[in-house]
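A closer look at the structure
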Amino acid sequence: MTYLLKTESTSAVDPATVAGNNVIPFYTWNDTGNALLKRRNATNTDWEIICPLLPNASFQNDGSNYDIIVGGSNVGSFTPDGIRADNIKGQNLLINGNFRIWQRASSSTINGYGSNDRWLDIHGGTTKTVSRELFTLGQTDVPDNPVFYSRTVIGTPSGTPANDIVIKQQRVEGVNTASGKTVALSFWAKSDQSLDIGVSFFQSFGAGGSPSAPVYLIDPQIFTLSPNWEKYSGTFSIPSVSGKVLGTSGTDSLGLIFSLCTGSTYNNNYTPVGNQTGTIDLAQVKLEISSVPTPWVEPSLHAQLFDCMRYYEQGTFVYVWYNAIGSGTGNMQPYAARKRASPTLTWTSVTNSNVTNPGLATTGIEGIQETGSLTAAGTGQHAGTYYANAEI
């Protein structure tokens, strides 16, 4: 059967075309002809797709809301009057899945966090370049008017191809995320030739103390890409963390891994796609706790930037003061967003006037503090750029 949410209309016929129907803004419709739940837009001119109608679904009353159960997994909920109690399109567990935020740089060849925020780009043996690419304005290949996509150019094989590796991963904070549940992954991708992209997950229990060993190669799957933008999706089973031991570092995580090039040395850790050379583009990557992939939801740019800054932030600092010779400074500047943990802080000076041993120190997750002292009585100034890294 197909489970239908409470709406004003349930039919295969567009209710806006039926005489006598009072279709108004935000009117809801179970479109059984296309198996979609739809809502009238604010101007009452068109229908918006909310989500697919759910096959073989049932519901359970948790006391205040009805949970929607598909294949044994809770994929959402609604209140008794039919209004959704959460985001019916599914919350994206990933941050910057649409690659809007690139605080560090618009391209990078380094091994690690170097360009697209929250995405860890790793290589070994061979080389790779990750770059921000701009969608053509008005293009229709990828829906919802995305602005950027992430491109990875995989270099030529090294002298020891078995040791070549290129992967793209994101670590979702908290290894208990989706523990024992089914997750759905969807993404748009293309390549300059027929190339494979592997997907798998890992569970890291952090560091410090005596944490359980990480679990790699969770539910590996391979997708074959083409030179045209296409949407790919799959469901994955995440093991329960019951009985595991967390480390004390607070760096435990659930990791999503895209395998782009994998020498045989890494077959036990990453989805084996073999040695590849070429270009792979990714856009609109969405991971959700669900057995059904749901449509992309474009988050606000401000919200995405704020979420990214929980893990990494860079900005300017300017300290100006007047005091006696030898006096300490101690000025404090808050971060734009509180950090996940006390970050690693680095900085570069642009201006230094009348300050001895100028520097910055972190005040934990809250901000930075100027260090040093005035060389001579009067006015001192120290300015530059700071980089606060609290990535997992």
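Just so we're clear, the structure is a prediction, and the values are computed from it rather than from any experiment. Just so you know, the residues in each chain are numbered from 1, in the order the chain's sequence is written. Side-chain atom pairs in this predicted model are given and counted only at pLDDT of 80 or more, local residue features only at pLDDT of at least 70, and totals for whole chains, interfaces and linings cover all residues. Only hydrogens and water are removed before side-chain values are computed, so all heavy atoms of the structure are retained for them.

1. Details of the environment of Ser 212
- Only runs of H or I of at least four residues qualify as helices and only runs of E of at least two qualify as strands under DSSP, and these elements are numbered from the N terminus. Looking at the secondary structure, you find Ser 212 in the loop between strand 16 (195-204) and strand 17 (215-225).
- Relative accessibility under 20% of the residue-type maximum defines a buried residue, over 50% an exposed one, and the middle range a partly exposed one, all with a 1.4 Å probe and only protein chains included. For Ser 212, a relative accessible area of 18% corresponds to the buried category.
- Along the sequence, Ser 212 and Val 241 sit 29 residues apart, while their C-alpha atoms lie 9.8 Å from each other.
- Between two residues, a contact is recorded if the distance between any of their heavy atoms is within 4.5 Å. Look past the residues within four positions of Ser 212 in its chain and what remains in contact with it is Phe 205, Lys 244 and Val 245.
- Looking at Ser 212, its side chain comes within polar contact range of the main-chain nitrogen of Val 245, at 2.7 Å. Throughout this description, a polar contact denotes any pair of N or O atoms lying within 3.5 Å of each other; where both atoms belong to protein, one of them has to be capable of donating a hydrogen while the other can accept it, and for residues adjacent in sequence the pair is counted only when both atoms sit in side chains.

2. Let's talk about the environment of Ala 383
- Among the secondary structure elements, Ala 383 is positioned in strand 26 (residues 378-389).
- Note: C-alpha distance between Ala 383 and Ser 349 (34 residues apart in sequence) is 6.0 Å.

3. Examining the side chain of Ser 204
- Relative to the assigned elements, Ser 204 resides in strand 16.
- Apart from the residues lying within four places of it in its own chain, the contact partners of Ser 204 are Val 175, Pro 214, Thr 251, Asp 252 and Ser 253.

4. A short note on the sheet that holds strand 13 (residues 148-154)
- Any two strands are treated as partners once DSSP identifies two or more bridges connecting them. Reading across from one edge, 10-12-13-20-15-18 is the order of the six strands in this open sheet, with antiparallel pairing throughout. Strands with a single pairing partner mark the edges of an open sheet, and in this sheet they are strand 10 (107-108) and strand 18 (230-237).

5. Things to note about helix 1 (residues 301-309)
- Buried within helix 1 are the following residues: Gln 304, Cys 308 and Met 309. Mapping the buried residues of helix 1 onto a view down its axis gives an arc of 135°, with all of them on the same face.
- In this structure, the buried side of helix 1 is in contact with strand 21 (312-323). The directions considered for the arc are those from the helix axis to the C-beta atoms.

6. Regarding the pattern of salt bridges
- Any carboxyl oxygen of Asp or Glu within 4 Å of a side-chain nitrogen of Lys or Arg constitutes a salt bridge here. By the definition in use, this model includes 10 salt bridges.
- The salt bridge involving Arg 104 is made with Glu 391; its shortest N-O contact spans 3.0 Å. Taken together, the positions of Arg 104 in the loop between strand 9 (73-78) and strand 10 and Glu 391 in the segment after strand 26 put the pair 287 residues apart, joining distant regions of the chain. Accessibility assignment for this pair places Arg 104 and Glu 391 in one class, buried.
- Measuring nitrogen to oxygen at the nearest pair gives 2.5 Å for the salt bridge that ties Glu 391 to Arg 118. Residue Glu 391 is located in the segment after strand 26, and its partner Arg 118 is located in the loop between strand 10 and strand 11 (120-124); the two are separated by 273 residues in the primary sequence. For the pair Glu 391 and Arg 118, one class covers both residues: buried.
- One network of salt bridges, in which partners are shared, links Arg 104, Arg 118 and Glu 391.

7. A look at the sheet that holds strand 19 (residues 253-262)
- Pairing in this open sheet of five strands is antiparallel, and the strands run 11-14-19-16-17 from one edge to the other. Both outer strands of the open sheet, strand 11 and strand 17, are each paired with one neighbouring strand and no more. On average, each strand axis in the sheet is tilted by 20° relative to the strand beside it, whichever way the strands run.
- Pairing of strand 14 (residues 165-173) with strand 19, which is carried by nine bridges, proceeds in the antiparallel orientation. The residue bridging Arg 171 from the neighbouring strand is Gly 255, located in strand 19. Only the stretch in contact is used when a helix axis is fitted, and all axes are lines through C-alpha atoms; the angle between N-to-C directions ranges over 0 to 180 degrees.

8. Quick look at the confidence of the model for the protein
- Per-residue pLDDT for the protein has a mean of 89; in total, 88% of the residues score no lower than 70.
- pLDDT runs from 0 to 100 and stands for how confident the predictor is about each residue. pLDDT under 50 marks residues 80-88. Its contacts with residues more than four places away, or in other chains, come to 23 contacts.

9. Topic: the nonpolar core
- Only buried residues count toward a nonpolar core. Its members are Ala, Val, Leu, Ile, Met, Phe, Trp, Tyr and Cys residues joined through side-chain atoms within 4.5 Å. If you look at the biggest cluster of nonpolar residues, it comprises 33 residues, and the most contacted ones within it are Phe 187, Phe 201 and Phe 258.
- Among the elements of the structure, strand 14, strand 15 (182-191), strand 16, strand 17, strand 18, strand 19 and strand 20 (278-289) are those that each provide at least two residues to this core.
- Among the elements that make up this core, the one with the highest residue count is strand 19 (five residues).
- If we skip the residues at most four places from it in the chain, Phe 258 touches Trp 119, Val 166, Ile 167, Lys 168, Leu 185, Phe 187, Ile 197, Gly 198, Val 199, Leu 282 and Val 285.

10. Notes on the side chain of Asn 30
- The topology assignment puts Asn 30 in strand 3 (residues 28-31).
- Given the relative accessible area of 0%, Asn 30 is considered buried.
- At 3.2 Å, the side chain of Asn 30 and the side chain of Thr 10 are in polar contact.

11. Considering the pairing of strand 16
- The buried fraction of strand 16 is high, at nine of 10 residues.
- Sheet analysis places strand 16 next to strand 17, joined by seven bridges and oriented antiparallel. Looking at strand 17, one finds that Val 199 is bridged to Gln 221.
- In terms of strand pairing, strand 16 meets strand 19 through seven bridges, oriented antiparallel. Looking at the pairing, Phe 202 lines up with Gly 255 of strand 19.

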